[in-house]
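Residues per chain, in single letters:
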Amino acid sequence: MNIPIVFWLVPIASIIALSMAWFFFSTMMKEDEGLPRMREIALYVRKGAMTYLKQQYKVVLYVFIVIAIIFAFMAYVLKVQNPWVPFAFLTGGLFSGLAGFFGMKTATYASGRTANAARSGLDRGLKIAFRSGAVMGLVVVGLGLLDIAIWFLILNAFYSGEQTSLITITTTMLTFGMGASTQALFARVGGGIYTKAADVGADLVGKVEADIPEDDPRNPATIADNVGDNVGDVAGMGADLYESYCGSILSTAALGATAFAMNGEMQLRAVIAPMIIAAVGIFLSLIGIFLVRTKEGAGMKELLHSLGFGTNVSAILIAIATFIILYLLNMENWMGLSFSVISGLLAGVIIGQSTEYYTSQTYKPTQKIAEASQTGSATVIIKGIGTGMISTCIPVVVISVAIMMSYLCANGFNMSMSAQSISRGLYGIGIAAVGMLSTLGITLATDAYGPIADNAGGNAEMSGLGEDIRKRTDALDALGNTTAATGKGFAIGSAALTALALLASYIEEIKIAMIRAVEQGEQFISAAGTVFDPKSATMTDFMQFFQVNLINPKVLVGAFIGAMAAYLFCGLTMGAVGRAAGAMVSEVRRQFKEIKGILEGKATPDYGRCVEISTQSAQREMVLPSLLAIIIPIIVGIVLGVAGVLGLLTGGLAAGFTLAIFMANSGGAWDNAKKMVEEGNFGGKGSACHKATIVGDTVGDPFKDTSGPSLNILIKLMSMVSIVMAGLTVAFI
């Protein structure tokens, strides 16, 4: 097929994003890293982070090689797999890993420079931290679109001219999302275990038992804690949102190829439309990034407004641009599809605002948790859990409304269950997910900003900078806690829409696998005893053939297993953090006891041993939870078939979505309640209230930084595995 000229905007935008990421990185590197002690601390963190990442990538490489060999066997020997899948899987993992690596490399260089810039003023510190975070955002969208553009061009060269070429191309491209999801899950789980083992150990022994400040150089776990912020919240988050971004674009493209299959020209426009929207979103994200600035002495509300202004301007601009893009593409029902995009954008904004309300110390929910510290740590825990549970209400309602509105807007408010109405509506849901993620360049920048600001505060504390400097870095850090929580809410919201689109894409992959089986001489007999023809069947026909309904026990059992998988995954990752943190607590206690003079500041702790404990624990503990996410969909597909898999993905999505929001918001609220007390409320640092909020924060650490944010990857990875293994599932029908 002839590729339209407008498509070339996609690779051009990706190259510009990567170029601007390099510009921001090189500009940051020209900044002064500060005093010799500040440089020393930054070097400790940088070396620890890179050592961990190399170890993690080594483990992941072995897993990828094994899975790629299995895919090759399925493709070339069993003939139940597309021959491009092994290569697509590997490139998806490679680009996801690169996104995390570049983002973390930037963050480890930026934190010391942010601390030094805070000596000059709050605005300068904010600007360096935020634009360094923007490197992460721009690298993710740049590499994501570049990967998509390359694969589209390669597959078009091989499949062009075939009647169903676009359906084949888009469903094949979906499979590189499994590589990205697998890499993201290892990065999230491993990074989360690493950072929380160090954080919990540092807090429980350092702040509670030894009564020394956070990030105090006398604490042996403090370097490991700062390293963990980078490997978990930068490398992990980058890999996470890379696969969300690519998954939303690719699933929408696949749905577009099916929804407009009867009109070849319109079909091509529907396939490239999400790519074009994402490409324009890059340029508009850059505008928002340059708008972020603040004034000296700004409080939390002013700082939140500074970041919110840039993000909201980008969102408004992409909303306007969507109407123009879809109109110029001459899409059918371009107006309705534009409103589908806007429904996704609005859902993202509202979820972000809801998360901010429940986690920021400027609002009542977090203030009430801080107040609860007056009656002890138990009431802090109870109040935090209750707040997290209540906080799921708004995101669930918003996502539900967004799903219905995007579906109805895309199919012209047609409530019939005709094949065309359903496929057009599902395309609308997919493009709503694209709309939510279209300005990821700036929304991810606000998230990656958080660990940079946190490390800057740690550097300032360990370097012994003045109280006024520490006050500025504390303000930037507190802002980072809220933006990180907002980013996690945004990530899980986008995961819900993307996973729903992937459900529909799964049926398309089943269709292709069945057609391949029919061409090899197999027959499929319906419940009525007639021969089922997958070539001419609609999505409704597939639902009837596989008996996907609520009275089919396979669907119900699948839904239960999906819901259980979310809790099992959280239980395993929470337990992993507990074991790793226990080892860290023992090590910190040992050093306080055996290395004389640490608490008096006369001896240097063995930081390296704590880094080693976190690294070894993360490598050991991340494998089982990550592999379960791959194994469960395969087993369910073989035992319960397509109906069971659809139940599994539905149950996992419903349970995982609400559980992830609950955990992320509880953890964020506990963290900021502690920050509120540290600012002098309810007795301030060292008081009984402070120790109570530290316990809450310690419980919340694995909630918000390990288990919670890993769930959105679990949801999408199970969908991706199901799609890639569709051929195997069909073989057992």
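Everything discussed here concerns the structure shown above.
A brief look at the structure comes next. Note that this is a predicted model, so its numbers are computed, not measured. (Residues numbered from 1 in each chain as written. Predicted model: local features only at pLDDT ≥ 70, side-chain atom pairs only at ≥ 80, totals over all residues. Heavy atoms only, no water.)

The next subject is the packing of aromatic side chains. Taken as a whole and judged by the stated rule, the model has 24 aromatic pairs. Ring centres 5.2 Å apart and planes at 90 degrees place the aromatic pair Phe71 and Phe89 in the edge-to-face group. On the criterion of sequence distance, the pair formed by Phe71 in helix H2 (residues 36-76) and Phe89 in helix H3 (residues 85-118) is long-range, its members being 18 residues apart. Per residue, the accessibility class of Phe71 equals that of Phe89, and both read buried. An angle of 65 degrees between the planes, with centres 5.1 Å apart, marks the rings of Tyr327 and Trp334 as edge-to-face. Using a relative accessible area of 26% as the deciding quantity, one classes Trp334 as partly exposed. (Phe/Tyr/Trp six-rings, centres within 6.5 Å; stacked < 30°, edge-to-face > 60°. Helix = DSSP H or I, 4+ residues; strand = E, 2+ residues; numbered from the N terminus. Buried < 20%, exposed > 50% of the residue type's maximum accessible area, 1.4 Å probe, protein only.)

A separate point is unusual backbone geometry. Trans peptide bonds make up the majority, and among non-glycine residues the majority have a negative phi. Of note, Asn330 is a non-glycine position whose phi angle comes to about 60 degrees, a positive value. Of note, Asn330 is situated in the loop between helix H9 (300-328) and helix H10 (334-359). Of note in this structure, Gln547 is not a glycine but carries a positive phi near 55 degrees. With relative accessibility at 40%, the residue Gln547 sits in the partly exposed group.

Turning our eyes to something else, we now look at the packing of helix H5 (residues 165-174) against helix H8 (residues 264-291). Where H5 contacts H8, the two axes come as close as 10 Å, and the packing angle between them is 15 degrees. Regarding the angle of H5 to H8, the classification is roughly parallel. Pair H5 / H8 crosses with left-handed handedness. For the pair H5 and H8, contact is made by Leu166, Ile167 and Thr170 and by Gln267, Leu268 and Val271, respectively. Among the residues forming the contact of H5 with H8, the class breakdown is four nonpolar, two polar and no charged. (Axes fitted to C-alpha atoms, helices over the stretch in contact; angles between N-to-C directions. Parallel < 35°, antiparallel > 145°, perpendicular 65-115°, else oblique. Left-handed = near helix turned anticlockwise from the far one by under 90°. Contact = heavy atoms within 4.5 Å. Nonpolar A, V, L, I, M, F, W, Y, C, P; charged D, E, K, R; others polar.)

A few words now on a nonpolar patch on the surface. A grouping of Phe73, Tyr76, Val77, Leu78 and Phe87 is seen on the molecular surface, where their side chains present a nonpolar patch of about 500 Å² in accessible area. In this structure, Phe87 sits in helix H3. Assessed through its relative accessible area of 45%, Phe87 is described here as partly exposed. (Patch = residues over 30% accessible without salt bridge, like charges linked within 9 Å, V, L, I, M, F, W, Y side chains within 5 Å. Areas by Shrake-Rupley, 256 points an atom, 1.4 Å probe, with all protein chains shown as cover. Salt bridge = Lys/Arg side-chain N within 4 Å of Asp/Glu carboxyl O.)

Attention now goes to the side chain of Glu509. For Glu509, the location among the structural elements is in helix H16 (residues 467-519). Despite its burial, Glu509 pairs with no opposite charge; the closest candidate is Arg516, at 4.8 Å N-O. The residues touching Glu509, leaving out its near neighbours within four places in the chain, are Thr171, Ile723 and Ala726. (Lys, Arg positive; Asp, Glu negative; His and termini not counted.)

Turning our attention to the packing of H2 against helix H15 (residues 440-462). Running from N to C, H2 and H15 cross one another at 130 degrees; their axes reach a closest spacing of 9 Å. In this view, H2 runs oblique relative to H15, as classed from their interaxial angle. Judged by the sense of rotation from one axis to the other, the crossing of H2 with H15 is right-handed. Residues Arg37, Met38, Ile41, Ala42 and Val45 of H2 form the contact with H15, whose participating residues are Asn455, Asn459 and Met462.

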